[in-house]
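# Per-entry structural report
If you want the building blocks of each chain, they are given just below.
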Amino acid sequence: MTGSTPLQRLTTSRLVIVAGKGGVGKTTVTAVLARAAADAGQRVLVVELDGKPTLDGWLPDLAADDRVRHLSAGAALEEYLLDHGFRRIAKRLAKSGVIEVIGTAAPGIDNLVVLGKIKQLERSGDWDLVVVDGPAAGHAITFLTTPAGLRDAVTGGPVGEQADDVLELLADAARCSIVLVTLPETTPVNELIETADAIRERVGATLGPVVVNQIDPGPEPPDPETVDVGRLRAQVDDARAAAAFRRSRLAVQRLELDRVHAAFDDVVTLTRRPVAALGADDVAELAASFGHHDPPDDERAHDDRAPLDRNADS
Amino acid sequence: MSGLHDLVGRSNVVVCCGSGGVGKTTGAAALGLDVARCGRRVVVVTIDPARRLADALGLPDGLTGEPQRVPVETGDGELWAMMLDAPAMFERVVRGHATDDEQAERIVTNRFYRNMATALSGTQEYMASEALHELHADDRFDLVVVDTPPSRNAIEFLEAPSVLTRFLDHKVFKLMMMPTRTGLKIFSAATQPLLNAIGRVVGSDVLGDAVAFFQAFAGMEAGFRQRADEVAELLRADDTTFVVVTSPRHDALVEAAWFGHELVERGFGVGAIVVNRLHPTFGDGTPADAHDKAATARDRDDLDLAAMWTNLGELRELAARERSEVDQLLATADTPVVEVPLLPDDVHDLESLDHLAQYLFPARRNESEPEGNG
């Protein structure tokens, strides 16, 4: 992977679905990836599924240009019906809420029509890159396995065809990849590994690089036991406790990064920003790191740790 | 602060809720462990297959769909743990309400049912509420602690008991329930256009499966409706306590504040909002104090000491940012706020669960320290 930037490695397919458990920063990674690609001159479309306005604030220029779209199942199904010669049906069903009526007969169809709409955007040729902020929390696997489930329940008909098309898209590495996001902490890494297995086995989709978000960049403070504080000892208790704490958290981070590297070939990291709530400028700052070339492979592992291992090495 | 301890001690049900990745499962386990040590028989139901938690609890084979006794010393109390298996639970519920085995079999082998059990939004929440009801009625347990699924919207859990009844009340269902002997053909002139329309979109087999499912369901609605009412009542009972868990992240706090408020508005009992994993402050000083000392040490060429002070300054900045977010967003919360610091290690053994429990229940920690003022 020497010579390619994180942006290049993350965008080997036209459609990138960003997924991961709640709280790991899926939306952040979606925004950073879209920012980096847009800054590199690509025509980027961002698709958001939860109805949350966060991305509009983080990508104001894209939002102003209608390049941040919020997809809902109801709207996607209505559009699908109108596009496929079901105009009269759509009208009749609209009275009772199309998605609710159809969804009652075929549970999971809400996920399928949303994926179908994403497929249509990917196919349109209008975009170099379509980034999807996947559904929240544990819904990602359900969302992605629905087409296969419905495919088993349905033979033929528009729904069956739609399921076939979506399954074809998910299976095609040149068209679609899933980028999983995690944090350098125990539970998120366990969940990452489980989610990756489920996607390989149950969705049959290609995994892009894994993004480890919220990396503490260090530097690691010295071991308080080895620092001679002389007469000051009583006055530096807080600093000593803080150093021990940071070192312990950084040790967890190293351990978890090692586990991610052991389980995945390609790993991209994002540094924790020193703010309480991210803004558009933080997203731009993080995006810049996606455009930089990584150091060659043999140096990269070392580079990840250089600031952290300063004392361990000495 | 002793409020939460007493409240949980008196409760028969504790519901831990909040957005994903905030430590709900660990919090539920810590709470359960603590109550068990007070002499009660507790069962903790988790939603995610949290292997580390199973390891921490000394259950090397992992959690299963049946309650397992956790091998920890709890005096007269007992700690049990299980993981929700939503499809299995759904099947059990269907079998419980079915008039005979044949009816149950027709339902659980139906393709529409199988699709619904896995793909219908809200099914997991619905089954969590069923598990809650079942365990509450189980004589083996005094307290049920349930860790809710990480929902798109935490309110889904509150509405979960009515997922199926809402479904059953739907007019499409009513159409499909109309008596028929030969499938679609004899639906009345009034119902046929709608069903035909649906059939054209989803395909006739899908519709056929759905019709077969709803017809197989005939006679079970009353039982499901009654159960939904019972669960709704249980969630609102005086001895049910909600604990909203959040991280100090901006969006998680916004959601927790909103959810806590919403629960109170809707008449549910909220014991506390727990802010989990706050960075510790390391003393009373400010970030600037620490950075000043770093500068002084650097001037004296004492670089290691300077690095330690700089680190203290950075951690205090982090803590201060979190503090201001928490204060801002939870200032108007109508419920007590309990803060749990980020620990030096990730929780992975009983010792760290205990540590967490001490912060959740400071009253108990103080009881064991005679000088405590809690």
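## Concerning the overall build of chain A
A count of helices and strands for chain A gives 15 helices and 7 strands. Burial statistics for chain A: of 314 residues in total, 54% are counted as buried. Partitioning the intrachain contacts of chain A with sequence separation of at least 6 by distance along the chain shows that 76% fall at a separation of at least 24. Accessible surface, chain A as shown: approximately 12,600 Å² in total, 48% of it carbon and sulfur.

## Observations regarding the overall build of chain B
Counting secondary structure elements, chain B contains 18 helices and 8 strands. The burial tally for chain B puts 53% of its 374 residues in the buried class. Within chain B, contacts between residues at least 6 apart in sequence are counted, and of these 74% link residues at least 24 apart. In the structure as shown, chain B presents an accessible area of about 15,900 Å², 49% of it carried by carbon and sulfur atoms.

## A few points about the packing of aromatic side chains
All names here are of chain B. Scanning the entire structure with this criterion turns up 12 aromatic pairs over all chains. With a centroid separation of 5.3 Å and an interplanar angle of 80°, the aromatic rings of Phe90 and Tyr113 are classed as edge-to-face. On the criterion of sequence distance, the pair formed by Phe90 in helix α4 (residues 86-97) and Tyr113 in helix α6 (residues 111-119) is long-range, its members being 23 residues apart. You'll find Phe90 and Tyr113 in the same group, each marked buried. Here Phe217 and Phe224 contribute two aromatic rings whose centre-to-centre distance is 5.1 Å and whose plane-to-plane angle is 40°, an arrangement assigned as tilted. We note that Phe217, like Phe224, is buried. The rings of Phe90, Phe112, Tyr113, Tyr126, Phe213, Phe214, Phe217 and Phe224 are connected pair by pair, giving a single aromatic cluster. Over the aromatic face of Trp80 sits the side chain of Arg140, whose NZ or CZ is 5.4 Å from the ring centroid.

## With respect to the sheet that holds strand β3 (residues 68-70) of chain A
Residues and elements named next belong to chain A. What the 7 strands build is an open sheet, ordered β3-β2-β4-β1-β5-β6-β7; its pairing is parallel. Of all strands in the sheet, those with a lone pairing partner are β3 and β7 (267-271), marking the two edges. Averaged over all neighbouring strand pairs, the angle between strand axes comes to 25°, with direction disregarded. As defined by bridge partners, strand β1 (residues 15-19) adjoins strand β5 (residues 176-182) across 5 bridges and the pair is classed as parallel. The residue bridging Val16 from the neighbouring strand is Ser177, located in β5. Along the sheet, helix α11 (residues 186-203) makes contact with β5 and β6 (210-215), crossing β5 at roughly 165°.

## Details of unusual backbone geometry
That bond from A:Gly218 to A:Pro219 is cis: its omega, 0°, falls within 30 degrees of zero. By the secondary structure assignment, A:Pro219 is in the loop between β6 and α12 (237-263). The phi dihedral of B:Phe282 is positive, around 55°, even though this residue is not glycine. Structurally, B:Phe282 can be placed in the loop between β7 (270-278) and α15 (287-299). Of the residues examined, B:Phe282 reaches a relative accessible area of 13% and is grouped as buried. Backbone geometry at B:Asp301 places phi at a positive 70°, although glycine is not the residue there.

## Quick word on the pattern of salt bridges
Counting across every chain of the model gives 37 salt bridges over all chains. Ionic pairing is found between B:Arg316 and A:Asp238, a salt bridge with its closest N-O pair at 3.5 Å. One end of the pair, B:Arg316, is in helix α16 (residues 303-330); the other, A:Asp238, is in helix α12, on a second chain. Residue B:Arg316 is classed as buried on the basis of its relative accessible area of 7%. For A:Asp238, a relative accessible area of 31% corresponds to the partly exposed category. A salt bridge links B:Arg227 to B:Glu230, with the nearest nitrogen and oxygen atoms 4.0 Å apart. Here B:Glu230 and B:Arg227 lie together in helix α13 (residues 221-236), a separation of 3 residues that amounts to about one turn. Assessed through its relative accessible area of 30%, B:Glu230 is described here as partly exposed. A network of salt bridges, in which partner residues are shared, links A:Glu122, A:Arg123, A:Glu168 and A:Arg175.

## Overview of the interface of chain B and chain A
Across the contact, 61 residues belong to chain B and 63 residues belong to chain A. Of the charged contacts in the structure, one is a salt bridge between B:Arg277 and A:Glu185, with a shortest N-O distance of 2.7 Å. Where chain B packs against chain A, one counts 8 residue pairs in polar contact (both at pLDDT 80 or more). If you tally residues by element for the side of chain B that touches chain A, the top one is α16(B), at 13 residues.

## Quick look at the packing of helix α9 (residues 139-153) of chain A against helix α10 (residues 157-171) of chain A
Residues and elements named next belong to chain A. Where α9 contacts α10, the axes come no closer than 9 Å and their chain directions differ by 135°. Between α9 and α10, the interaxial angle falls into the category oblique. Of the two elements, α9 crosses α10, and the hand of that crossing is left-handed. Facing α9, whose interface residues are Leu144, Pro147, Ala148 and Arg151, α10 presents Gly160, Ala163, Asp164, Val166, Leu167 and Leu170. Residue classes in the contact of α9 with α10 are distributed as 7 nonpolar, 1 polar and 2 charged.

## Brief notes about the nonpolar core
In this structure, A:Val47, A:Leu144 and B:Val202 are the most contacted members of the largest nonpolar core, which totals 67 residues. Of the residues forming this core, the biggest block, 7 residues, is contributed by helix α8 (residues 109-123) of chain A.

## Here's the deal with the sheet that holds β7(B)
All names here are of chain B. With respect to topology, 8 strands assemble into an open sheet ordered β3-β4-β2-β5-β1-β6-β7-β8, the strand pairing being mixed. Unpaired on one side and paired on the other, β3 (68-69) and β8 (337-341) mark the two borders of the sheet. Across 2 bridges, the pairing between β3 and strand β4 (residues 78-83) is antiparallel. Across the sheet, Gln68 pairs through a bridge with Ala81, a residue of β4. Those strands touched by α16 are β7 and β8, and its axis lies near 160° from that of β7.

## Some points on the confidence of the model for chain B
Residue and element names in this part refer to chain B. Mean pLDDT over chain B stands at 83; residues scoring 70 or higher make up 87%. Per-element averaging of pLDDT across chain B places helix α18 (residues 362-367) at the bottom with 52 and α15 at the top with 95. This stretch, residues 365-374, has a pLDDT under 50; its non-local contacts, to residues over four places away or in other chains, come to 7 contacts. For this predicted complex, the interface confidence score (ipTM) comes to 0.85, while the overall pTM stands at 0.87.

Rules used in this analysis
- Residues numbered from 1 in each chain as written.
- Chains lettered and ligands numbered in written order.
- Predicted model: local features only at pLDDT ≥ 70, side-chain atom pairs only at ≥ 80, totals over all residues.
- Heavy atoms only, no water.
- Helix = DSSP H or I, 4+ residues; strand = E, 2+ residues; numbered from the N terminus.
- Buried < 20%, exposed > 50% of the residue type's maximum accessible area, 1.4 Å probe, protein only.
- Contact = heavy atoms within 4.5 Å.
- Areas by Shrake-Rupley, 256 points an atom, 1.4 Å probe, with all protein chains shown as cover.
- Phe/Tyr/Trp six-rings, centres within 6.5 Å; stacked < 30°, edge-to-face > 60°.
- Lys NZ or Arg CZ within 6 Å of the ring centre and 35° of its normal.
- Pairing = 2+ DSSP bridges.
- Axes fitted to C-alpha atoms, helices over the stretch in contact; angles between N-to-C directions.
- Salt bridge = Lys/Arg side-chain N within 4 Å of Asp/Glu carboxyl O.
- Polar contact = N/O pair within 3.5 Å; in protein donor to acceptor, adjacent residues only side chain to side chain.
- Parallel < 35°, antiparallel > 145°, perpendicular 65-115°, else oblique.
- Left-handed = near helix turned anticlockwise from the far one by under 90°.
- Nonpolar A, V, L, I, M, F, W, Y, C, P; charged D, E, K, R; others polar.
- Core = buried A, V, L, I, M, F, W, Y, C linked by side-chain atoms within 4.5 Å.
- pLDDT = per-residue confidence, 0-100.

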